[in-house]
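A closer look at the structure
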Amino acid sequence: MSAAAPQPRRTRGAAESLASIVLVFEAIVAFLAGLAIYGLRVLPEGVEPWWGIVAGSVVAVLMVITAGLLRHRWAVAFGWVLQVTVALGAVFVPAILLIALMFGAMWAYATIKGASLDRRNARLVAEAEQRNGD
């Protein structure tokens, strides 16, 4: 018996590649921010401190899942929601705002410039195919 030939991998564009890298690294930071919220005991009275770890873990897992789904437009929009969610953590630990601004800028660059690169590459491929078709 011979094994079936492996399926070729789906081509990922620049926007998808760059944005997934940003989200995966930010997932680590989101988890660590949750640990900081827990360790500093900054949640309101009546809310157990371990909810900081839970929140950081949930945001981190959502970021990793979203990174894998970036081929869909809604995943890019959800990535923006996650950026805002991380920024809201600054309510508890103001230093998180600096992290949120840095990763937000990287996310904006990855999605906006990456999409621009993808459009340019598609145009170049179309032009090359048109020249070869003459």
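Notes on the structure follow. These numbers come from a predicted model, not from an experiment. Counting starts from 1 at the beginning of each chain's written sequence and moves along it residue by residue. For this predicted model, a pLDDT threshold of at least 70 governs which residues receive local features, and a threshold of 80 or more governs which side-chain atom pairs are given and counted, while totals over whole chains, interfaces and linings are taken from all residues. Water and hydrogen atoms were dropped before computing side-chain values, which therefore reflect all heavy atoms in the structure.

1. A word on the layout of surface pockets
Where empty space is left can be seen by rolling a probe of water-molecule size over the atoms. Applicable threshold: Buried and open spaces are told apart on a 1 Å grid over the protein atoms alone, a cavity being a set of points where a 1.4 Å probe fits but cannot get out and a pocket being an open set with protein on both sides within 12 Å along at least five of seven lines. Residues with an atom within 4 Å of a point are the lining residues. Grid points are joined across faces, edges and corners, and a volume is the space filled by probe spheres set on the points. Numbering of helices and strands runs from the N terminus; a helix is a DSSP stretch of H or I covering at least four residues, while a strand is a stretch of E covering at least two. When residue character is reported, Ala, Val, Leu, Ile, Met, Phe, Trp, Tyr, Cys and Pro are called nonpolar, Asp, Glu, Lys and Arg charged, and the others, Gly included, polar.
Of the voids in this model, the largest pocket is the one considered here, and its volume is about 230 Å³. Around the largest pocket, the lining comprises 16 residues; the ones closest to its centre are Ile37, Ala55, Gly56, Thr85 and Gly89. Of all the secondary-structure elements, those providing two or more residues to the lining of the largest pocket are α1 (14-40), α2 (51-68) and α3 (73-88). Per-element accounting of the lining of the largest pocket gives the leading share, 5 residues, to α2. For the lining of the largest pocket, the per-class residue count stands at 11 nonpolar, 5 polar and no charged. Volume-wise, the second largest pocket comes out at about 180 Å³.

2. Thoughts on the packing of aromatic side chains
Rule in force here: Only Phe, Tyr and Trp rings are paired, with Trp represented by its six-membered ring, and only when their centres lie within 6.5 Å; those with planes under 30 degrees apart are stacked, over 60 edge-to-face, the remainder tilted. Two conditions define a charge sitting above a ring: the NZ of Lys or the CZ of Arg must be within 6 Å of the ring centre, and it must be within 35 degrees of the ring normal.
Considering all chains together, one arrives at 2 aromatic pairs under this definition. Of note, Arg41 hangs over the ring of Tyr38, and the distance from its end group to the ring centre comes to 4.8 Å.

3. Some points on the side chain of Glu16
To be explicit about the condition: Residue contacts follow a heavy-atom distance rule, with two residues in contact if any of their heavy atoms lie within 4.5 Å.
Relative to the elements of secondary structure, Glu16 occurs in helix α1. If we skip the residues at most four places from it in the chain, Glu16 touches Arg10, Leu70 and Arg71.

4. Comments concerning a nonpolar patch on the surface
Going by this rule: Residues enter patches when they are more than 30% accessible in relative terms and free of salt bridges; like-charged ones are connected within 9 Å and nonpolar ones (Val, Leu, Ile, Met, Phe, Trp, Tyr) within 5 Å. For the accessible areas, the method is Shrake-Rupley and the probe is 1.4 Å, while residue cover comes only from the protein chains on display. Here, a salt bridge means any side-chain nitrogen of Lys or Arg that lies within 4 Å of a carboxyl oxygen of Asp or Glu. Under the scheme applied here, a residue whose accessible area is under 20% of the maximum for its type counts as buried, over 50% as exposed, and between as partly exposed, the area being computed with a 1.4 Å probe on protein chains only.
Together, Tyr38, Val47, Trp50, Trp51, Val54, Val58 and Leu62 give the surface a local cluster of nonpolar side chains, amounting to about 580 Å² of exposed area. Along the polypeptide, Trp50 turns up in the loop between α1 and α2. According to the relative accessible area criterion, Trp50 is partly exposed, its value standing at 41%.

5. A few points about unusual backbone geometry
You will see that Arg41, though not glycine, has its phi angle at about 55°, which is positive. Structurally, the position occupied by Arg41 is in the loop between α1 and α2.

6. Topic: the nonpolar core
What counts is decided by this rule: Side-chain atoms within 4.5 Å are what join buried Ala, Val, Leu, Ile, Met, Phe, Trp, Tyr and Cys residues into a set we call a nonpolar core.
Leu23, Met63, Leu70, Val86, Ile96 and Trp107 are the most contacted members of the largest nonpolar core, which has 22 residues in total. Secondary structure elements with two or more residues in this core: α1, α2, α3 and α4 (95-133). Tallying contributions element by element places α1 first for this core, with 7 residues. Residue contacts for Leu23: discarding those within four places in its chain leaves Met63, Thr66, Ala67, Leu70, Gln83 and Trp107.

7. Observations concerning the packing of α2 against α3
For clarity, the cut-off: Where helices are involved, their axes are fitted lines through C-alpha atoms of the stretch in contact, as for all axes, and angles between N-to-C directions lie from 0 to 180°. Angles are sorted into four bins: roughly parallel if under 35 degrees, roughly antiparallel if over 145, roughly perpendicular if 65 to 115, and oblique for all others. Two helices that cross are described as forming a left-handed crossing if the nearer one is turned anticlockwise from the farther one by less than a right angle, and a right-handed crossing if clockwise.
In the contact formed by α2 and α3, the axes pass within 10 Å of each other and the chain directions differ by 155°. On the basis of the axis angle, α2 is roughly antiparallel to α3. For the crossing formed where α2 meets α3, the hand is left-handed. The residues of α3 that touch α2, namely those facing Val59, Leu62, Met63 and Thr66, are Ala75, Phe78, Gly79, Leu82, Thr85 and Val86. Taken together, the residues of the contact of α2 with α3 break down into 7 nonpolar, 3 polar and no charged.

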